[in-house]
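One letter stands for each residue in the lines below.
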Amino acid sequence: MPTLGQNQYGKAETRVVRIVRDGAVHHIKDLNVSVALSGDMDEVHLSGSNANVLPTDTTKNTVYAFAKEHGIASPEQFGILLARHFVTGQDAIHTARIRIEEYGWERIETSGAARHSFVRTGQETRTAQITFDGERWEVISGLTGLTVLNSTDSEFWGFVKDEYTTLPEVRDRILATDVHARWRYGWCSDDDGGGGEPAPDWERGYAGARDDLLAAFAETYSLSLQQTLYQMGARVIENRPAIDEIRLSLPNKHHFLVDLEPFGLKNDNEVYFAADRPYGLIEATILRDGVRPRIATD
Ligand SMILES: O=c1[nH]c(=O)c2[nH]c(=O)[nH]c2[nH]1
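Residues numbered from 1 in each chain as written. Predicted model: local features only at pLDDT ≥ 70, side-chain atom pairs only at ≥ 80, totals over all residues. Heavy atoms only, no water.

**Student:** Hey, could you run me through the UniProt feature "binding site: 5-hydroxyisourate" (unreviewed entry) in the protein chain in this one?
**Tutor:** Under the local residue numbering, the UniProt record ascribes the feature "binding site: 5-hydroxyisourate" (unreviewed entry) to Thr 56, Asp 57, Phe 156, Arg 173, Gln 226 and Asn 252. In three dimensions, the annotated residues from a span of 197 residues occupy distinct locations, with a maximal C-alpha spread of 37.3 Å. In the annotated set above, the residues contributing to the lining of the largest pocket are Phe 156, Arg 173, Gln 226 and Asn 252. When you line up the elements, Phe 156 lands in the loop between strand 7 (137-150) and strand 8 (175-185). Filtering out sequence-adjacent residues up to four positions away, Phe 156 remains in contact with Leu 167, Glu 169, Val 170, Arg 173, Leu 223 and Ser 224. Inspection of the secondary structure assignment puts Arg 173 in the loop between strand 7 and strand 8. Residue classification places Arg 173 among the buried residues on the basis of a relative accessible area of 14%. (UniProt positions renumbered as here; feature names shortened; annotations may be inferred. 1 Å grid on protein atoms, 1.4 Å probe; cavity = no way out; pocket = protein on both sides within 12 Å on 5 of 7 lines; lining within 4 Å. Helix = DSSP H or I, 4+ residues; strand = E, 2+ residues; numbered from the N terminus. Contact = heavy atoms within 4.5 Å. Buried < 20%, exposed > 50% of the residue type's maximum accessible area, 1.4 Å probe, protein only.)

Spelled out as structure tokens, the structure:
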């Protein structure tokens, strides 16, 4: 009979978001946790007996329950807690390897008192599309991958319900999205031959539009992502006279509250499962009054 070599099992990539609410000041920890356990696992492979197998589902639940019970001080400390739990709690488990990725979030600083808005660090890409037909210019600038999150001040209720609707109404949820924005400058004829307009300051335009998008996201009390989207686009159009049109494509990065009741724990909007897909996708163009849309909608 062929020999069973090294083996391990566990739940990979449990996405856990832990919010700590210190009054109006919220703190966020966002981890991707992979558990690999090994030990006396010959039987499950060779005879099919599951007697030594702690289900991978249980390892996932443990991640969520520990996030609630112990908080997440650091990935190292959280990983140590988990590894010790599995090895000391189960005779058959001799080794636990916990791999953790932590995603960084910075606070969005706004003039308001609320402190529950965050932007993911180091992810965004600036974009530009320039078209010239020998006479007229079209410049569309933008960004992708600007990930933002509000840990409160977001509701979703009062929506249509048909025979397939199961979504519960919520008065307090996480609202998170990867901003994909493209904005078109009104500038179209340069002053090369005389008579045209000087080109806008592209650097200031980019920094200003980015600031507006972040500030509007953070300051909008949201009844839907659609409403937040409109506020973000409108802020850019109102604050940046050089920009005539902005198109926003916002995935709704769902964060589901984890049910901790089976473990005797109350989830007071603290521990979330950060789902990857499917996601809602909310898209719209916001225009300066009287301007015709030109940014492609795909
Ligand atoms: O902000 C939202 N807009 C929707 O259209 C929608 N649909 C849904 O299921 N959740 C949400 N959230």
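Further notes follow.
**Student:** I'm lost on the pattern of salt bridges in this one. Help?
**Tutor:** Side chains carrying opposite charge are able to pair once their charged atoms draw close together. As enumerated under the stated definition, the model contains 18 salt bridges in all. Ionic pairing is found between Arg 115 and Glu 109, a salt bridge with its closest N-O pair at 3.0 Å. Residue Arg 115 is classed as partly exposed on the basis of its relative accessible area, which comes to 29%. If you follow the salt bridges from partner to partner, you end up with Arg 18, Lys 68 and Glu 270 in one network. (Salt bridge = Lys/Arg side-chain N within 4 Å of Asp/Glu carboxyl O.)

**Student:** Any chance you could explain a negative patch on the surface here in plain terms?
**Tutor:** Among the surface-exposed residues, Asp 40, Asp 42, Glu 43 and Asp 91 lie close enough to one another that they form a single negatively charged patch. In this fold, Asp 42 is placed in helix 1 (residues 42-46). (Patch = residues over 30% accessible without salt bridge, like charges linked within 9 Å, V, L, I, M, F, W, Y side chains within 5 Å. Areas by Shrake-Rupley, 256 points an atom, 1.4 Å probe, with all protein chains shown as cover. Lys, Arg positive; Asp, Glu negative; His and termini not counted. Charge placed at Lys NZ, Arg CZ, Asp CG, Glu CD.)

**Student:** Sorry if this is basic, but what is going on with the pairing of strand 1 (residues 14-22) here?
**Tutor:** Along any regular strand, the residues point their side chains to alternate faces of the sheet. Here nine bridges tie strand 1 to strand 2 (residues 25-39), and the two strands are oriented antiparallel to one another. Bridged to Arg 21 within strand 2 is His 26. Here strand 1 hands over to strand 2 after two residues, with Gly 23 in that stretch at a positive phi of 60°. In this sheet, strand 11 (residues 271-274) lies alongside strand 1 in antiparallel orientation, the contact comprising three bridges. Looking at the pairing, Val 17 lines up with Tyr 272 of strand 11. (Pairing = 2+ DSSP bridges.)

**Student:** Explain the packing of aromatic side chains to me, please; I cannot follow it from the model alone.
**Tutor:** The description of an aromatic ring pair uses the distance of the two centres, along with the angle that the planes make with each other. The final tally for this structure, using the stated rule, is seven aromatic pairs. Ring centres of Trp 137 and Trp 187 lie 5.9 Å apart, and the angle between their planes is 25°; on these two criteria the pair is classed as stacked. Taken together, the residues span a long stretch of sequence, with Trp 137 in strand 7 and Trp 187 in the loop between strand 8 and helix 4 (202-219) at a distance of 50 residues. When its relative accessible area of 11% is taken as the criterion, Trp 187 is described as buried. Both rings, one in Phe 156 and one in Phe 159, keep their centres 4.9 Å apart while their planes meet at 20°; by these two values the pair is stacked. In this structure an aromatic cluster arises from ring pairing among Phe 132, Trp 137, Tyr 185, Trp 187 and Trp 202. A cation sits over an aromatic face here: Lys 161 above Phe 159, 4.8 Å from the ring centre. Positioned above the aromatic ring of Trp 157 is the side chain of Arg 171, whose terminal nitrogen or guanidinium carbon lies 4.0 Å from the ring centre. (Phe/Tyr/Trp six-rings, centres within 6.5 Å; stacked < 30°, edge-to-face > 60°. Lys NZ or Arg CZ within 6 Å of the ring centre and 35° of its normal.)

**Student:** What's the story with the site of the ligand in this structure? I'm lost.
**Tutor:** With respect to spatial proximity, the complete set of residues near the ligand consists of Phe 156, Leu 167, Arg 173, Ser 224, Leu 225, Gln 226 and Asn 252. Between the ligand and Arg 173, the relevant distance is 2.8 Å, taken from an oxygen atom to a side-chain nitrogen or oxygen of the residue. Taking Leu 225, its main chain carries an N or O atom lying 2.7 Å from an oxygen atom of the ligand. The protein chains hide 72% of the 290 Å² of surface that the ligand would expose on its own. Its atoms largely coinciding with the cavity grid, the ligand occupies the largest pocket. (Near = heavy atom within 4 Å. Polar contact = N/O pair within 3.5 Å; in protein donor to acceptor, adjacent residues only side chain to side chain. Sits in = over half its atoms within 2 Å of the grid points.)

**Student:** Can you walk me through the nonpolar core in this structure?
**Tutor:** Nonpolar side chains in soluble globular proteins tend to end up buried together. Counting residues in each nonpolar core, the largest one holds 30 residues, and the members touching the most others are Val 179, Trp 183, Leu 213, Ile 246 and Leu 248. Of all the secondary structure elements, the ones that give two or more residues to this core are strand 7, strand 8, helix 4, helix 5 (225-239), strand 9 (243-252) and strand 12 (280-287). Considering each element in turn, this core owes the most residues, seven residues, to helix 4. Counting 27 residues, the second-largest nonpolar core is a separate cluster that includes Leu 37, Phe 66, Leu 260 and Leu 265. (Core = buried A, V, L, I, M, F, W, Y, C linked by side-chain atoms within 4.5 Å.)

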